[in-house]
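Chain by chain, the residues:
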Amino acid sequence: EAGVAQSPRYKIIEKRQSVAFWCNPISGHATLYWYQQILGQGPKLLIQFQNNGVVDDSQLPKDRFSAERLKGVDSTLKIQPAKLEDSAVYLCASSLDSGGALETQYFGPGTRLLVL
Amino acid sequence: QKEVEQNSGPLSVPEGAIASLNCTYSDRGSQSFFWYRQYSGKSPELIMSIYSNGDKEDGRFTAQLNKASQYVSLLIRDSQPSDSATYLCAVKMTNFGNEKLTFGTGTRLTIIP
């Protein structure tokens, strides 16, 4: 079974530029998550989709971050414009069903973003 | 108060000894608890999940949960150098009716040969 795929793996941009990350979850997984992991910290949930609907985006900085999962499969996370503090690893994860209490999340390899 | 607290370490343990990692959480209603291992530069990898009070064993790993004390721990027996990594404690918390996985900052474990 193929895992969660993400691209690109690395990205270096200058502040105020825009950047987009792509994620393809495990086949058949209904729920997709985007996390931000700053160096030395645990992952922080940015947004959770179930199929093509947003379940939780309470910690997404909506003035600069956006995400979509139009067909309920793959997803794109965008930052525009980027700030220095956005330098982090962006992790995509997926789970089989509704993301309930007993569900396990599986993580992709992540995209390392450096904003200069 | 942080929602999920871990000692950031580093925790150094001799090879072959038992490594003990601890985690406390703030939401008394939490039902699901996870331990992820994260090697440097890699993504988190699930190693244990636990839902009921008591111990759960899987090979060299034992997860312990005490909901009354809001405490979860991970024991690694016969520690190996390959166990050197950051261990993330994660707790599913209800947020406006949605189950959200909240991570601690992780404990960096080093196994000394």
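Structure's up top.
Residues numbered from 1 in each chain as written. Chains lettered and ligands numbered in written order. Predicted model: local features only at pLDDT ≥ 70, side-chain atom pairs only at ≥ 80, totals over all residues. Heavy atoms only, no water.

Q: How would you explain the state of the cysteines if you had to name every residue and give the values?
A: Residue and element names in this part refer to chain B. Within the structure shown, the criterion is met by 2 disulfides over all chains. Linked covalently through their sulfurs, Cys-23 and Cys-89 form a disulfide whose S-S length is 2.1 Å. Here the S-S torsion is close to -75°, and the disulfide linking Cys-23 with Cys-89 is therefore left-handed. In this pair, Cys-23 is assigned in strand E3 (residues 19-25) and Cys-89 in strand E9 (residues 85-95), connecting sequence segments 66 residues apart. Taken as a pair, Cys-23 and Cys-89 share a single burial class, namely buried. (Disulfide = S-S within 2.5 Å. Helix = DSSP H or I, 4+ residues; strand = E, 2+ residues; numbered from the N terminus. Buried < 20%, exposed > 50% of the residue type's maximum accessible area, 1.4 Å probe, protein only.)

Q: Tell me about the pairing of strand E4 (residues 31-37) of chain A, and please be specific about residues and values.
A: Residue and element names in this part refer to chain A. Most of E4 sits out of view: 7 of its 7 residues are buried. Here E4 shows a buried face lined by Thr-31, Tyr-33, Tyr-35 and Gln-37 and a second buried face lined by Leu-32, Trp-34 and Gln-36. As paired elements, E4 and strand E5 (residues 44-50) share 6 bridges and run antiparallel to each other. From the neighbouring strand, Leu-32 faces E5, where its bridge partner is Phe-49. Where E4 hands over to E5, the hairpin turn is made up of 6 residues, of which Gly-40 adopts a positive phi near 85°. Where E4 meets strand E9 (residues 88-95), 7 bridges bridge the pair, whose relative direction is antiparallel. Note on E9: the bridge partner recorded for Gln-36 is Tyr-90. (Pairing = 2+ DSSP bridges.)

No statement about biological role is implied by the geometric values presented.
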